[in-house]
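The residues making up each chain are set out below.
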Amino acid sequence: MKKTTKIFWELACQYNSASVTLWEASPVAKCYYNPCMYLLRHTLELQLKGLILQCSNLDDINLIQIHVSENKNKKITNVHSLDELWLGFKHYIINYPPQHLFAEDEMSKIEKVIKFFDKIDHDSTYYRYPISKSGKRTRMYPAKLSEPLDVSSELGTHPPVIFFDKKITCLIQSGKKEIIKAIEAFDAVEMLFGYFNCL
């Protein structure tokens, strides 16, 4: 691993550790979702920039450009769109041996997470501010969970979605999709860390 790549890897590890710590501290606390998702999104951005740097033939990240649209390149340091960085990474690994290290099913899972983030947070502001530059409001409390339940309590005739956190059992009253997206993001981050070990 290049020295400059290692710097991105190390900072991505720090952001990932912070997101894991926050998530495990209490995912049932509504106020943790947006900060946690921001940390995951930024981890992905750092990982993609580091991987592009590793695959390029340059050591100075300020010299690396990626193709973002027809007849347009951007310096990687000016790119915050995960989708643009993902496309840049895929462009670099086409010529980077051995290609077989990048399993197609993993790539599609990572791409799904990247498309999710890029759709709602193209410029890395959605999870940081209550209102975007375009005036779109951030969902402040996307998940609503019940108070911790006694596992032996009557759950009714329809099996509810249960959320386990160490000893806490809760019903997911709303926000199931958001919790699943967070778990998918954690998985994508782990897969990308695996790519650092392959290059």
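Use the structure listed above.
Residues numbered from 1 in each chain as written. Predicted model: local features only at pLDDT ≥ 70, side-chain atom pairs only at ≥ 80, totals over all residues. Heavy atoms only, no water.

Draft legend 1. Layout of unusual backbone geometry. Here the phi dihedral of S124 falls at roughly 65°; this positive angle occurs in a residue that is not glycine. Within the secondary structure layout, S124 lies in the loop between α4 (104–120) and β3 (144–145). (Helix = DSSP H or I, 4+ residues; strand = E, 2+ residues; numbered from the N terminus.)

Draft legend 2. Up close: the packing of aromatic side chains. Throughout the structure, instances matching the rule amount to eight aromatic pairs. Ring centres 6.1 Å apart and planes at 75° place the aromatic pair F117 and Y127 in the edge-to-face group. Of the two residues, F117 is situated in helix α4 and Y127 in the loop between α4 and β3; the sequence distance between them amounts to ten residues. With respect to class, F117 is no different from Y127; both count as buried. Put simply, the rings of F116, F117, Y126 and Y127 pair up and form one aromatic cluster. (Phe/Tyr/Trp six-rings, centres within 6.5 Å; stacked < 30°, edge-to-face > 60°. Buried < 20%, exposed > 50% of the residue type's maximum accessible area, 1.4 Å probe, protein only.)

Draft legend 3. Molecular detail of the environment of E178. Mapping E178 onto the fold places it in helix α5 (residues 176–198). When its relative accessible area of 18% is taken as the criterion, E178 is described as buried. As for E178 and M37, which are separated by 141 residues in sequence, their C-alpha atoms are 9.7 Å apart.

Draft legend 4. Region of the structure containing the side chain of D83. As for its placement among the helices and strands, D83 is situated in helix α3 (residues 82–94). For D83, a relative accessible area of 15% gives the class buried. Setting aside chain neighbours within four positions, we find D83 in contact with I114, K115 and D118. (Contact = heavy atoms within 4.5 Å.)

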